[in-house]
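What follows is each chain in one-letter form.
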Amino acid sequence: MGLSRRTFSALAGTTALGLALGGSGAASCAYAAPTVPTGPAPAPPAADGKRHTIGFDRYSLIVDGRRLVVWSGEMHPFRLPSPSLWRDVLQKMRAHGYNAVSIYVSWNYHSAAPGQYDFTGVRDLDLFLRMASETGIYVILRPGPYINAEIDGGGFPGWLTATEGTARTSDPTYLKYVDEWLDQVNAIAGRHLYSKGGGTILLYQIENEYDAHVTEPAGRDYMAHLYRKVRADGIDVPLFHNDKGRNGYWIPGSFDTDGEQGRWLYGFDGYPSPTLTPPDWGHFGVGGTKGGATASPQTPGLVPEFGGGWFDPWGGVWFKGKGYAESRRLRDAAYERRFYLTNFANGITLHNVYMTFGGTSWGWLPAPVVYTSYDYGAAIDEGRQATDKLVPMHQLGQLLYHVPDLAKLDRAEDVTADGLKVYHLANPDTGAQVYVVRNDGKQTVTSAVPGIDAPVTVPAQDARLLVTGLKLGRRELRYSNAQPMLALSAGRQEIAVLTGRSGETTVTALECAMRPTVTVVEGDADWSYEDGLLRIEAQLDGLTRVLVSGGGVGTPLLLLLADDETSVRLWPRETPSGSVLVYGPALLRTADVSGTAVRLTGDTVRAAELEVWGPRGLREVTWNGGELKVRTSASGSLRAAQPLPGVGTVTLPALRGGWRRKTENPEAAPDYDDSDWKLADRTTTYSTTPVPDGQPVLFADDYGFHYGDVWYRGHFTDARGAESVSLAYSTGTQGLLMAWLDGRPLGTHRMPVPGNSSVRQGSWADTAVFDVPEELRKDGAHVLSVLVRRMQHDQDGKAQDTHKVARGLTAVTFAGAAPRLSWRIQGEAAPDPVRGPQNNGGLYGERHGWHLPDHADGDWPEAELPRADRQQGVTWYRTGFKLAVDSGIDASIGLVLDDDPARAYRVQIFLNGWNMGQYINDVGPQHTFALPNGILRTRGTNTLALAVLSDGTTPAGPSDVRLTLLGAAAGGVTVADV
Ligand code: IPT
């Protein structure tokens, strides 16, 4: 095995670190990296203008010569169209122990046409990266060019579907466009590299789950091209790819990286079923081509995506989407402990949870497979609320940051415990032992784990991490049956936090050469001292506090034993003046120490105590700018004399009155003037869908229409003998087609589910057949008007150009006659300069600004809800509403639509002109649509416009339309209007 003996570092000159890699390359063998002493993780990153090194060895990343376990969460800026709120999510992640955020950048979101790129407003990547630096969180940047991500075309712009060449290969046309994209992204990314002190980008991914052409030049040259391009653009941080299914694809050396193997990491993803036993995919795992990290023994275990939830498909009989509560239930907090701890126990030290905040696939962003909400069942929900899935993330994230022994672990001798699976690991330098104990059964297990002289309880389908022989500041933990969360030093004392389930009895044993002084400051605890061991027994309920002093050590140790619920109200923070630990509020956003004062910002939901441990001499505490009266507590903290107030009530207006209504689709009328529409007369296409013989190309993308609805008008002169018309069309899931002949509705056809044999799976094509009414089978001028609701382009997951499958009409024929039709086509107008290319389709109302807040609707007839209209076509409803949420409250608000599920209609929801998604009444499952603050004016007037498409087969709504509160907190970030 040709091992590089050089330090794998991101910057020239860093070989000074001298991290020689030794060893034979065998999968589980330990590589000595003697020059990286066990010590604190690097300080939280910032754009500090300094050069930094980013290297790695088999165990972990090594940043500025210190080991770093990357504990990352995925969010997509494009799924939260209000930049101020990015900061909210980033701060929540950082506070809950994530030290990195991984983001996709979606090409289609930034590019409406070749050569046109927009990185402003809700697309301001630079601003996102600045916020990440200000938050002190690393960024893993993943700009594709292909991303998948349940996004239209897998991230490919609509216009790319109409270009020559095969995407995701070394095809020169494709590469030309890719370079154009990377030029744009890298110009911004280059300013935010952690290596260069410009920001916090730590790692950069090229492509995603690229498993086609792996051994062919078309694939290898493509990857090599991407690698070279990114390097040439000055991106000097380690690069990697995300291998789907752990095939060992794109490991170091598998393609040409200009001899720079040392700056390329192997990454793989995993979305295991939550009902199965967690897989061993790391260095200590089963090995072989499906073994995950074992495919690349010299690089640290990197999982760029590990399922933290799952996307939910549309509802109805075939897809059976059940809503995101179900995703969250299947991958709950216990799932996270069980699966993520298993990953960690397998040597995965770079771990990203996809998704941590899922957000919203607003407008026409969603790939056909998903609906608007991309909540994902993630730890932070679509309404930006913390769920109890943050508990394990918080506990583990703080642990990995605060306990350096965990950054370098080897597999240690096997130990067993009845009823539990045990992974035993050890730090070769400090001797600390780590046990990940997992219960795969259906009953709670209490068992004996060697080295821990106390019963270890693990609930069914759960896990926990235990340590022995671990240094906690100046003392040493011999063992505990509680999971450690952090150890830090604050002022004159050291603090250690251990956690467990509420009500559990924990035993924590500390080495003490001499008899210590022990004070149970708060809670239900007992202690005993014998043979150099202090044994503390505590029943967990809130925060149990035990102060240990003396015993031969000058610095006292405050032992905090927290139950789960309490552990997520403990907020450690590193400041330049030292560590701070805050206890009480629902969220700590920032903590700044200057002189004797600590300034804190954060959120409360219920009234909360506030307590701060910090550097010596602290006397004053402010909370969200207000000074608090504080006292020194018996546990050495500053405690607020009064609890912080909780959040006040938020009242939302009913949306009953003020509605106006107007029907559109004039395009259906025979005399509608379509002379300024494009002629659909092309004969060739780059689409993968064949052009039917003797027909023009009717595919909307070929005429520059890529998003939402598209209209066709086919003119012909003789309908004699025409019995029926067949309209072949192709959309995504849930697509539909409505047709009129000479203004007479012919009917609505909806894309059937894939079980229907007439649908070619994946391409979503079907044919609508409508009778031609007898009275219209005449000579003379006729117009066939057709509205197609497209449901976006396929993702190109298999690199077969499936994003180029046609969308819109594909062929039109008559039975009993063969008239020649002359077609005109009309889709979306020029993209909204602020809201972007995916905000609108080609409905008449959209082309004429009916969705915009300032549209003059004064002459529209007034209407009352609920409605029960029965007609085929498009009707708009508009109303306004005022909100007056207190400026100190972060209220997250949603819009609910509800009706009898038998009614066949769908709604495009426009809030202040922004397309907040699509509701399909008889499909579901989504009824609540998140309205992001910034787009929503929480202190002002809002306009809601609903574009209703009804089949005409049933009465149609809207019926029940109302606002709902998704969550509220006192605090929040400052929100700028979008
Ligand atoms: C993996 C993709 O990398 C990611 O973009 C997203 O699509 C995710 O899945 C699912 O939400 S692909 C995989 C699980 C086959």
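Residues numbered from 1 in each chain as written. Predicted model: local features only at pLDDT ≥ 70, side-chain atom pairs only at ≥ 80, totals over all residues. Heavy atoms only, no water.

## As for helix 8 (residues 333-345)
To be explicit about the condition: Secondary structure elements are taken from DSSP: a helix is a run of H or I of four residues or more, a strand is a run of E of two residues or more, and numbering for both begins at the N terminus. Multiplying 1.5 Å by the helix residue count minus one yields the expected span of that helix. Exposure classes here rest on a 1.4 Å probe applied to the protein chains alone. A residue is buried below 20% of its type maximum, exposed above 50%, and partly exposed in between.
Taking 1.5 Å of rise per residue, 13 residues should cover 18 Å, and helix 8 covers 18 Å from first to last C-alpha, within 8% of that figure. Extensive coverage of helix 8 is indicated by the burial of 13 of its 13 residues. Where helix 8 terminates, the next one or two residues include Gly 347, which has phi positive at roughly 90°.

## Focus: the packing of helix 4 (residues 172-189) against helix 5 (residues 217-232)
For any two helices packed against each other, the geometry comes down to the angle between their axes and how far apart the axes lie. This is how the line gets drawn: Angles here are taken between N-to-C directions and fall from 0 to 180 degrees, while the axes themselves are lines fitted to C-alpha atoms, restricted in helices to the stretch in contact. Note on terminology: angles under 35 degrees are roughly parallel, angles over 145 are roughly antiparallel, angles of 65 to 115 are roughly perpendicular, and the others are oblique. Left-handed describes a crossing whose near helix is turned anticlockwise from the far helix by less than a right angle; the clockwise case is right-handed. Whether two residues are in contact is decided by their heavy atoms, any of which lying within 4.5 Å being enough. Residue polarity is assigned by list, with Asp, Glu, Lys and Arg as charged and Ala, Val, Leu, Ile, Met, Phe, Trp, Tyr, Cys and Pro as nonpolar; anything else, Gly included, falls into the polar class.
In the contact formed by helix 4 and helix 5, the axes pass within 10 Å of each other and the chain directions differ by 30°. As judged from the angle between their axes, helix 4 and helix 5 are roughly parallel. Both helix 4 and helix 5 take part in a crossing whose hand is right-handed. When helix 4 is examined against helix 5, the residues Tyr 174, Leu 175, Val 178, Asp 179, Leu 182, Asp 183 and Asn 186 are found in contact with a partner set consisting of Tyr 222, His 225, Leu 226, Lys 229 and Val 230. The residue makeup of the contact of helix 4 with helix 5, split by class, is seven nonpolar, two polar and three charged.

## Let's talk about the pattern of salt bridges
Using the following cut-off: Salt bridge criterion: a side-chain nitrogen from Lys or Arg within 4 Å of a carboxyl oxygen from Asp or Glu.
One pass over the full model with this rule turns up 52 salt bridges. Put simply, Glu 774 and Arg 777 hold a salt bridge, and the shortest N to O gap is 3.9 Å. Judged by relative accessible area, which is 60%, Glu 774 ranks as exposed. With a relative accessible area of 24%, Arg 777 lands in the partly exposed category. Put simply, Asp 88, Lys 92, Arg 384, Arg 589, Asp 603 and Asp 890 are held in one network by salt bridges that share partners.

## What about helix 4?
Test applied: We define a polar contact as two N or O atoms separated by no more than 3.5 Å, with the added condition that, inside protein, one atom must be a possible hydrogen donor and the other a possible acceptor, whereas residues neighbouring each other in sequence contribute only through side-chain atom pairs.
Between the first and last C-alpha of helix 4 there are 24 Å, a value that for 18 residues agrees with the 26 Å anticipated at 1.5 Å per step. Along helix 4, the positions that sit buried rather than exposed are Tyr 174, Leu 175, Tyr 177, Val 178, Asp 179, Glu 180, Trp 181, Leu 182, Val 185, Asn 186, Ile 188 and Ala 189. Where helix 4 is buried, its residues contact helix 2 (107-110), helix 3 (125-135), strand 7 (138-142), strand 8 (201-205) and helix 5. Looking at where helix 4 begins, the residue whose side-chain oxygen comes 2.9 Å from the main-chain nitrogen of Thr 173 is Asp 171.

## As for the UniProt feature "domain: Beta-galactosidase" (unreviewed entry) in the protein
Where we set the bar: UniProt positions are given in the numbering used here, feature names are shortened, and annotations may be inferred rather than shown by experiment.
Look at the UniProt record and you will see "domain: Beta-galactosidase" (unreviewed entry) annotated at residues 403-570. Secondary structure content for residues 403-570 is 2% helix and 61% strand, and the end C-alpha separation is 16 Å.

## As for unusual backbone geometry
Note that the residue after Gly 924, namely Pro 925, is joined by a cis bond; omega there is 0°. In the segment running from Gly 957 into Pro 958, the intervening peptide bond is cis, with an omega of 10°. Here Pro 958 lies in the loop between strand 52 (939-950) and strand 53 (960-970). Positive phi, close to 65°, is recorded for Arg 384, a residue that is not glycine. Secondary-structure assignment places Arg 384 in the loop between strand 12 (348-357) and helix 9 (390-402). Accessibility expressed as a relative area gives 4% for Arg 384, which makes it buried. One non-glycine residue, Asp 531, lies in the positive phi region at around 50°. With respect to the helices and strands, the residue Asp 531 is situated in the loop between strand 24 (524-530) and strand 25 (533-539). For Asp 531, a relative accessible area of 71% gives the class exposed.

## Topic: the sheet that holds strand 25
We count it as follows: Note on pairing: two strands pair once DSSP finds at least 2 bridges between them.
Strand order in this open sheet of eight strands is 13-14-15-18-19-22-25-24, and the pairing throughout is antiparallel. Each edge of the sheet is formed by a strand with only one pairing partner; in this case those strands are strand 13 (410-411) and strand 24. Two elements, strand 19 (residues 475-480) and strand 22 (residues 505-511), share four bridges in a ladder whose sense is antiparallel. Bridge pairing in strand 22 links Leu 477 to Leu 510.

## Comments concerning the environment of Thr 954
Structurally, Thr 954 can be placed in the loop between strand 52 and strand 53. Through-space distance from the C-alpha of Thr 954 to that of Leu 600 is 57 Å; in sequence the pair is 354 residues apart. The residues touching Thr 954, leaving out its near neighbours within four places in the chain, are Asp 869, Arg 870, Ala 902, Arg 903 and Ala 904. Engagement of the side chain of Thr 954 in a polar contact is seen with the backbone nitrogen of Ala 904, the distance being 2.8 Å.

## Comments concerning empty space enclosed by the protein
The cut-off we apply is this: Buriedness for pockets is judged along seven lines, at least five of which must meet protein on both sides within 12 Å for an open set on the 1 Å grid over protein atoms alone, while cavities are sets there where a 1.4 Å probe fits but cannot get out, and lining residues have an atom within 4 Å of a point. Grid points are joined across faces, edges and corners, and a volume is the space filled by probe spheres set on the points. Each domain span listed reflects an automatic or database assignment of domains.
If you walk through the whole model with that rule in mind, you get ten cavities of 30 Å³ or more. There is about 210 Å³ of room inside the largest cavity. Forming the boundary of the largest cavity are 18 residues, of which Pro 44, Arg 94, Asn 99, Gln 398 and Tyr 401 lie nearest the centre. Where the lining of the largest cavity is concerned, the elements lending two or more residues are helix 1 (83-95), helix 9 and strand 28 (570-575). Per element, the largest residue contribution to the lining of the largest cavity is four residues, and it comes from helix 9. For the lining of the largest cavity, the class distribution of residues is nine nonpolar, six polar and three charged. In this structure, the lining of the largest cavity is formed jointly by two domains, domain 1 (5-386) and domain 2 (411-640), each of which donates at least three residues.

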